[in-house]
Amino acid sequence: MTSKGITLIGMSGVGKSTIGTMVAERLDFAFIDLDAVIKEKEKESHVSILNRVGDRKFLEMEERHALNVPLANAVFSPGGSIVYSARAVEKISDESIVFYLKLPLSQLISRVGHNVGAWDRRGIVGLKEKGLEKLFHEREPLYEEVAHHVIACDNLSDEEVVSRIMSLFTEGS
């Protein structure tokens, strides 16, 4: 029996990969990190590609790869910029339960660091042009609009976030 998958969205540094791996293990689902898919298919890291081709071309490539990811029985962790693609958003909304892992900007900064270089090494679409704060405020309403569930992760352990996802996912199945 195939089941809808789970998609975790949110800003870089929120813990999508960590939480996604834990949830996938609990459900015996595949864990699919879009950055890893891009690296495997393109033979180059998403950061390198973004720096080489720029935001617009990278978003087109990210969308193409996201549309080819099988979401049934999987936990999917796309980059934070996935919400800029209407086609990818439609796919993840139809084929998975979408969880927005939400953290205040101050906590994201404390996780990744104040140094702009630390953020730049993460390969974040729009960072160079808009800066972190503007990008955060631009994306936050998009994440909330796309998500089936919003999980405020501040003051929660990874285990508590996983438990909330598991509870909400099994209620909806």
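Residues take numbers from 1 onward in each chain, read along the sequence in its written order. Confidence filtering applies because this is a predicted model: local features only for residues at pLDDT of at least 70, side-chain atom pairs given and counted only at 80 or more, and all residues used for totals across whole chains, interfaces and linings. Side-chain metrics rest on all non-hydrogen atoms present in the structure, leaving aside hydrogens and water.

**Observations concerning the packing of helix α2 (residues 34-42) against helix α4 (residues 55-67)**
Definition in use: Between N-to-C directions, angles span 0 to 180 degrees; the directions come from axes that are lines fitted to C-alpha atoms, helices contributing only their stretch in contact. Strands here are runs of E lasting at least two residues and helices are runs of H or I lasting at least four, both read from the DSSP assignment and numbered beginning at the N terminus. Angle categories: roughly parallel below 35 degrees, roughly antiparallel above 145, roughly perpendicular from 65 to 115, and oblique for all the rest. Note on contacts: a residue pair is in contact if any heavy atoms of the two residues lie within 4.5 Å. Under the grouping applied here, Gly and all other residues not named as nonpolar or charged are polar, the nonpolar ones being Ala, Val, Leu, Ile, Met, Phe, Trp, Tyr, Cys and Pro and the charged ones Asp, Glu, Lys and Arg.
The N-to-C vectors of α2 and α4 enclose an angle of 100 degrees; their axes lie 10 Å apart at closest approach. When the axes of α2 and α4 are compared, the pair comes out roughly perpendicular. Mapping the contact onto sequence places L34, V37, I38, K41 and E42 in α2 and F58, M61, E62, R64, H65 and A66 in α4. Across the contact of α2 with α4, the residue classes break down as 6 nonpolar, 1 polar and 4 charged.

**Side note on the sheet that holds strand β2 (residues 30-33)**
Where we set the bar: Paired strands, as defined in this entry, are two strands with at least two bridges between them according to DSSP.
Here 5 strands make up an open sheet; going across it, the order is β2-β3-β1-β4-β5 and the pairing parallel. Both edges of this open sheet fall to β2 and β5 (149-152), since each of them pairs with a single strand only. Between one strand axis and the next, the sheet turns by 20 degrees as a mean value, whatever way the strands run. In the sheet, strand β4 (residues 96-102) pairs with β5 via 4 bridges, with the strands oriented parallel. By the bridge assignment, F99 is partnered in β5 with H149. In this fold helix α5 (residues 86-95) packs onto β1 (5-9), β3 (74-77) and β4, with an angle of close to 110 degrees to the strand it touches most, β4.

**A closer look at the packing of aromatic side chains**
In this description, an aromatic ring pair is defined by two values, namely the gap between the centres and the angle between the planes. The condition that has to hold: Stacked, edge-to-face and tilted are the three classes for Phe, Tyr and Trp ring pairs, Trp counted by its six-membered ring, which pair at centre distances within 6.5 Å; planes under 30 degrees apart are stacked, over 60 edge-to-face, the rest tilted. When a residue's accessible area, from a 1.4 Å probe over protein chains only, is under 20% of the maximum for its type it is buried; when over 50% it is exposed; and in between it is partly exposed.
Counted under the stated rule, the structure contains 2 aromatic pairs. Consider the rings of F29 and F169, whose centres lie 6.0 Å apart with planes at 90 degrees: the pair is edge-to-face. A residue pair is termed long-range when its members are at least 10 positions apart, and F29 in the loop between α1 (16-27) and β2 and F169 in helix α10 (residues 158-172) qualify at 140 residues. For the pair shown, F29 and F169 are each scored as buried. Taking 5.0 Å as the distance between ring centres and 40 degrees as the angle between the ring planes, the aromatic pair formed by Y100 and Y143 counts as tilted. On the criterion of sequence distance, the pair formed by Y100 in strand β4 and Y143 in helix α9 (residues 132-146) is long-range, its members being 43 residues apart. The burial state of Y100 is the same as that of Y143; both residues are buried.

**Looking at unusual backbone geometry**
A negative phi angle characterises most non-glycine residues, just as the trans form characterises most peptide bonds. A positive phi angle is found at D28, which is not glycine, with a value near 60 degrees. Judged by its relative accessible area of 71%, D28 falls in the exposed class.

**Examining the packing of α4 against α5**
Quick reminder of the rule: The hand of a helix crossing depends on one turn: near helix anticlockwise from the far one by less than a right angle means left-handed, and clockwise means right-handed.
The interhelical angle for the contact between α4 and α5, taken along N-to-C directions, is 25 degrees, at an axis separation of 9 Å. On the basis of their axis angle, the class for α4 and α5 is roughly parallel. Considering the relative orientation of α4 and α5, their crossing is left-handed. Note on element contacts: α5 touches α4 through R87, A88 and K91, opposite E63, A66 and L67. Each residue belonging to the contact of α4 with α5 can be placed in one class, and the counts come to 3 nonpolar, no polar and 3 charged.

**Considerations on the environment of T18**
Summarising the element assignment, T18 is placed in helix α1. Along the primary structure T18 and A88 are separated by 70 residues, whereas in three dimensions their C-alpha atoms are 22 Å apart.

**Some points on the environment of K41**
Tracing the sequence through the fold places K41 in helix α2. When the C-alpha positions of K41 and H65 are compared, they lie 8.6 Å apart, and in sequence the two are 24 residues distant.

**A word on the pattern of salt bridges**
The condition that has to hold: Between Lys or Arg on one side and Asp or Glu on the other, a salt bridge is scored when a side-chain nitrogen of the former is within 4 Å of a carboxyl oxygen of the latter.
Evaluated as defined, the whole model comprises 8 salt bridges. Here R56 ties to E60 by a salt bridge, and the two come within 3.0 Å at their closest N and O atoms. Of the two residues, R56 and E60 are both situated in helix α4; the distance of 4 residues between them amounts to about one turn of the helix. For R56, a relative accessible area of 56% puts it in the exposed group. The exposure class assigned to E60 is partly exposed, which follows from its relative accessible area of 39%. Put simply, K102, E140 and E144 are held in one network by salt bridges that share partners.

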